[in-house]
Amino acid sequence: MLKRTVFWLIFLPLVAFGQQSKPHAAGDTAINALPAGLAEYYATYPTEKAYLQFDKPYYAIGDTVYFKAYVVIREQHKLSALSGVLNVDLINPDNKIVRTEKLQLIAGVAWADFVLADSLKSGNYRIRAHTNWMRNEGEDSFFEQIVPVEGVSSKKAAINGSAANTKKSAPAAAGKSDIQFLPEGGSLVTGNYSKMAFKAIAADGFGTPVKGVVTDDTGTEICRFESTHLGMGAFNFVPETGRNYKANITYADGQTSSVSLPRATNSGYTLSVNNNNPDTVRIRVTGGSENTINGLTLVGQAGGVIYYAAENQSAGRFFSAVIPKNKFPTGVIQFTLFSKAGEPLNERLAFINHKDQLKLDLNTAKINYEARQKVSIALNVKDKTGKPATGSFSVAVVDETLVPADSLTENNILTNLLLTSELKGTIEQPNYYFINANDKARDDLDNLMLTQGYRHFDWKKVLGNNQENIKYQAEKAMQISGIVKKGHRPVPNAKVKLFSTAGGMFMLDTLTAADGRFSFNDLIFQDSTKFVVQAKVSRGQDDVTLQLDTLPPAAVAIKAQNTEIATNESAGIQTYVNHQKQFFEEQQKYGINKHAVMLKEVHVDAKYVPKIPHSDNLNGSGQADQVITAQELEKIPCVRIVDCLGGLAPLVRVGRDGSVTNMRYGGQMAIVIDGNFVEPSDFAYLPADDIEGIEVIMGAHYGAIYGSRMVNGGIIVTTKRAKKQNQYYRYAPGVVTYMPKGFYKAREFYSPQYDNPHTNQKMADLRSTIYWNPNIITD
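Residues numbered from 1 in each chain as written. Predicted model: local features only at pLDDT ≥ 70, side-chain atom pairs only at ≥ 80, totals over all residues. Heavy atoms only, no water.

1. Some words on the side chain of Asp89
To be explicit about the condition: Think of it this way: any DSSP run of H or I at least four residues long counts as a helix, any run of E at least two long counts as a strand, and we number them from the N terminus. Pairs of N or O atoms are called polar contacts if they sit within 3.5 Å, as long as, within protein, a hydrogen donor faces a hydrogen acceptor (for residues adjacent in sequence, only side-chain-to-side-chain pairs). Here, two residues are considered to be in contact whenever any of their heavy atoms come within 4.5 Å of each other.
For Asp89, the location among the structural elements is in strand β6 (residues 85-91). Of the polar contacts made by the side chain of Asp89, one reaches the side chain of Thr100; its length is 2.9 Å. In terms of polar contacts, Asp89 uses its side chain to reach the side chain of Arg128, at 2.8 Å. Apart from the residues lying within four places of it in its own chain, the contact partners of Asp89 are Ile97, Arg99, Thr100, Phe114, Arg126, Ile127, Arg128 and His130.

What follows is the structure in structure tokens.
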């Protein structure tokens with residue numbers, strides 16, 4: 001029988017969601033500038049969004065996290081051709097980046113993986129992705145997902161939250177629940193029939209059930225209300241002139257409070273939206289007693305494209321519009337009311353779902369399969385009209401009995417691109433609004449629109465005459481740039497060469513500009529590639545300095561981590577972790593994918609342990625089998641460290657190619673420079689004068705913390721501080737070597753071939769991810 005599995009198949013079509021209609025013409029008012037203003041703004045500031053699909057919702061230490069990246073232009077959700085480089089960061093529970101990968105985007109997609117080293121600790125990790133262009137909008141525009149990670153040796157899971165959501169902000173008063181009241185359209189106007197939305201948050205940062213009574217300042221009961229989903233709900237009433245209102249609230253935990261409602265004003269407008277009809281959106285604009293509606297304009301836009309605009313030219317206090325939903329694409333629609341002068345007055349969000357995503361059909365050759373029998377699956381993709389569709393797909397096949405997941409909290413490509421990336425704050429249970437087609441889910445989604453702010457769009461920014469400065473440019477590929485100086489002055493027309501021997505001889509040359517700057521653009525190279533950059537002037541070479549540009553990584557926002565875990569999520573993670581322990585043990589039994597085991601603590605008494613300044617040794621500075629300081633290196637004159645290390649460390653053999661062999665136990669040792677694992681070729685030409693110290697690890701006592709990569713021991717090299725900060729080394733005046741972060745090469749997902757007679761048939765198959773393929777293209 002076919003083992004019970006869940007298929008997670010994520011796609012991005014090579015065409016936009018839904019269809020785009022042309023903007024409606026408005027009257028001869030200032031509002032005519034809107035379509036042209038929007039077109040100009042988004043031509044200058046197109047918005048990119050990123051989404052990552054993972055093979056699982058949570059992981060164990062020692063796992064490999066496989067993922068595929070999709071980058072789209074927000075306006076139409078088409079795959080982006082703007083950026084060619086995507087940065088992906090693994091952030092630990094202490095809000096520190098522990099791993100960064102640069103991915104080469106080809107037609108807006110890329111795929112890669114993170115190996116969760118044995119040295120990592122349990123907790124909620126964040127994986128975020130962004131292009132350099134996205135940094136102009138700030139970190140809120142980055143893709144980010146919480147990924148719980150647990151150690152296989154732990155007896156109880158300590159992870160909290162879910163794969164899609166975690167607490168990101170706490171209520172103002174720690175330990176207490178909190179509630180916000182938000183009038184529909186942003187204004188509460190006296191005498192107008194008004195809807196008041198609310199959202200209650202518990203002390204843990206998640207929505208909590210609430211109910212209450214609204215009273216006026218005379219104590220008269222006006223109405224009662226109760227939340228319907230995750231602490232959200234809404235009620236209707238007509239505020240009277242001169243009255244103040246408050247809500248007397250009871251929370252799920254028994255707490256009570258009294259909160260004043262926003263004050264109603266005599267001046268302003270009420271913008272009401274009825275989204276209940278499956279075919280139309282009904283909108284009503286009502287003016288206050290002191291206002292006229294003549295000359296007001298209503299605009300409906302999504303992603304910077306205006307799909308509806310109408311101007312009211314009649315007198316009176318209200319006007320209404322019935323708009324066919326087929327004018328809008330699927331997603332969040334922003335309705336904005338403008339004054340005659342073009343000033344935004346009110347705003348209301350609505351979600352329209354045409355259910356026009358691609359139709360996916362998966363078929364197998366037969367229904368029943370024997371254990372370890374190959375399964376062939378046919379994927380047939382059609383658009384909403386039933387025609388075959390071209391798209392880029394990624395597929396994960398996961399054993400659901402081993403990786404139970406909550407379908408409500410899953411953050412997939414639809415929920416992310418259409419919902420969570422469009423709204424401010426954390427969206428709990430984003431998939432709830434997509435997998436439920438009933439009236440309650442529709443009303444709950446509308447309450448979400450009333451209580452969550454729009455993330456990307458600001459009319460004042462779009463319509464303002466002041467254009468923003470673009471600080472971060474879109475990266476098509478890698479760039480190596482810098483400045484050549486003689487003394488402290490820039491040198492124009494200096495000859496600059498860039499060359500590397502990685503993968504064969506490579507060389508480029510250029511001249512510096514009048515300001516001494518140079519740039520080598522559109523470079524494509526893999527991570528750990530070493531370059532030599534050389535600058536030459538006509539005379540006075542000894543005074544030449546060459547300084548390379550380095551762009552600091554995006555800042556990491558400090559975000560609180562929960563300390564408690566929901567029972568169902570804890571049980572799911574613990575089930576998975578227990579299984580992974582068996583999986584690793586089975587692999588080690590047969591000598592596959594060996595994992596280093598952390599030994600019990602051993603106390604060693606010593607008279608003196610040399611320390612290496614700013615060492616990145618995970619055991620602590622000086623905690624190694626041998627420590628070689630800069631003072632010791634100075635006593636043995638040599639240019640390259642490989643020429644003299646053997647004389648200082650008798651238990652290692654160093655080759656001219658930079659390889660280091662463990663003479664005690666055999667096997668090639670790992671090489672770590674300033675906290676990064678490097679290839680022997682990167683170590684071979686390292687000058688001895690640039691080294692602050694070397695720590696030699698011979699066995700598991702100190703090597704276990706580094707995991708399987710140091711199973712044969714290793715050397716930990718710390719360069720002098722000035723060299724480390726700039727990521728490059730100076731060999732001579734005007735000559736530097738540089739090893740920038742290059743494109744990561746994804747690991748190939750391994751699946752055992754049981755129809756091959758050489759495959760070990762005795763080893764139990766305990767994989768949780770059965771299959772992963774990030775690159776499927778339909779015709």
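2. Brief notes about the confidence of the model for the chain
Applicable threshold: The pLDDT value expresses, per residue, how confident the predictor is, ranging between 0 and 100.
Averaged over all residues, the pLDDT of the chain equals 84, while 86% of them reach at least 70. For the stretch residues 10-28, pLDDT sits under 50, and the model shows 62 contacts to residues farther than four places along the chain or on other chains. Between residues 154-167, whose pLDDT stays under 50, and residues either more than four places distant or in other chains, the model counts 57 contacts.

3. Details of the environment of Ser258
Structurally, Ser258 can be placed in strand β17 (residues 256-260). The spacing of Ser258 and Asn248 is 10 residues in sequence and 4.5 Å in space, taken between C-alpha atoms. Apart from the residues lying within four places of it in its own chain, the contact partners of Ser258 are Lys246, Ala247 and Asn248. Reaching out from Ser258, the side chain makes a polar contact with the side chain of Asn248 at a distance of 3.4 Å.

4. Some remarks on the sheet that holds strand β40 (residues 691-697)
Put simply, the rule reads: Criterion used throughout: strands pair if DSSP finds at least two bridges between them. Every axis corresponds to a line fitted to the C-alpha atoms, with the helix fit spanning only the stretch in contact, and the corresponding angles, defined between N-to-C directions, vary from 0 to 180 degrees.
Across the sheet, which stays open at both edges, the five strands sit in the order β35-β40-β41-β38-β39 with mixed pairing between neighbours. The open sheet terminates on both sides in strands that have one partner only, identified here as β35 (626-629) and β39 (676-678). Here the strands of the sheet are splayed against their neighbours by 25 degrees on average, with no regard to which way each runs. Bridge analysis of β35 against β40 gives four bridges, and the strand direction is antiparallel. By the bridge assignment, Val627 is partnered in β40 with Glu695.

5. Remarks on the pattern of salt bridges
Using the following cut-off: Here, a salt bridge means any side-chain nitrogen of Lys or Arg that lies within 4 Å of a carboxyl oxygen of Asp or Glu. Each residue is assigned to one of three classes by its accessible area relative to the maximum for its type, calculated with a 1.4 Å probe on protein chains only: buried under 20%, partly exposed between the two thresholds, exposed over 50%.
Per the counting criterion, the structure on display carries 20 salt bridges. A salt bridge links Arg128 to Asp89; the shortest N-O distance between them is 2.8 Å. Here Arg128, found in strand β9 (residues 123-130), pairs with Asp89, found in strand β6; they are 39 residues apart in sequence, far enough to count as distant. We note that Arg128, like Asp89, is buried. When the shortest N-O distance is used, the salt bridge between Arg348 and Glu184 registers 2.7 Å. Highlighted residues: Arg348 in strand β24 (residues 344-352) and Glu184 in the loop between β11 (178-183) and β12 (194-201), separated in sequence by 164 residues.

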